[in-house]
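Report on the structure
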Amino acid sequence: MNADTQNLHEQLERLQEALSTRQSTLHFAHAGVSCIVSLILGGATAKLFWDSARAPYVAWLGLAATVGLGIYALLRYRQGRTVLADELVRYETMMDLRRQLRLDDPTALLPR
C-alpha cells in the first residue's frame, strides 16, 4: 500500500468516525419535543386566558414559557439544518473516498 492510498484510508476512517454520531438528529429531536410541549402549554395557557375575567399570573407565566419554548424549537431546528448540511457534505466526501479506494467495487476483489 503506497502513501497516497494510506492517506486516503486515514481520511476515510476520520470521516467515518465523525459521521458515526449524527448531531443533526439530536437537534431535530429537541426541536420536535420543544414544539409539541410548546403547543400543549400554549393550549393550556389559552384556556386560562379564555376562562378568566382577569388573567391570572400563572397564565402570564405559561405564555412566557410557551414563547420561550417556541423560540428554542426554532433555534434548534435551524441548528439541525446547518449541521445536516455539513453532515451531507462530509458524507459525499466519504462516498467519494470509497469510490477512489474501490471499496464498493466487487470486481476489485476478483483474482485476475
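Above this text is the structure in question.
Now for a quick tour of the structure.

About the thresholds
Residues numbered from 1 in each chain as written. Predicted model: local features only at pLDDT ≥ 70, side-chain atom pairs only at ≥ 80, totals over all residues. Heavy atoms only, no water. Axes fitted to C-alpha atoms, helices over the stretch in contact; angles between N-to-C directions. Helix = DSSP H or I, 4+ residues; strand = E, 2+ residues; numbered from the N terminus. Left-handed = near helix turned anticlockwise from the far one by under 90°. Contact = heavy atoms within 4.5 Å. Nonpolar A, V, L, I, M, F, W, Y, C, P; charged D, E, K, R; others polar. Salt bridge = Lys/Arg side-chain N within 4 Å of Asp/Glu carboxyl O. Buried < 20%, exposed > 50% of the residue type's maximum accessible area, 1.4 Å probe, protein only.

1. Description of the packing of helix 1 (residues 3-19) against helix 3 (residues 57-101)
At a minimum axis distance of 10 Å, the contact between helix 1 and helix 3 shows a crossing angle of 145°. Our pair here, helix 1 against helix 3, has a crossing hand that is left-handed. Residue-level inspection shows Thr 5, Leu 8, His 9, Gln 11, Leu 12, Leu 15, Gln 16, Ala 18 and Leu 19 of helix 1 in contact with helix 3, the latter providing Glu 87, Arg 90, Tyr 91, Thr 93, Met 94, Leu 97, Arg 98, Gln 100 and Leu 101. Taken together, the residues of the contact of helix 1 with helix 3 sort by class into nine nonpolar, six polar and three charged.

2. Focus on the pattern of salt bridges
Evaluated as defined, the whole model comprises three salt bridges. Note that Arg 22 and Glu 87 form a salt bridge whose closest N and O atoms lie 3.2 Å from each other. Taken together, the positions of Arg 22 in the loop between helix 1 and helix 2 (23-51) and Glu 87 in helix 3 put the pair 65 residues apart, joining distant regions of the chain. Of the charged contacts, one joins Lys 47 and Asp 51 as a salt bridge, the two residues approaching to 3.1 Å between their closest N and O atoms. Here the residue Lys 47 and the residue Asp 51 both occupy positions in helix 2, the gap between them amounting to four residues, near one helical turn. The exposed category is assigned to Asp 51, whose relative accessible area is 51%.

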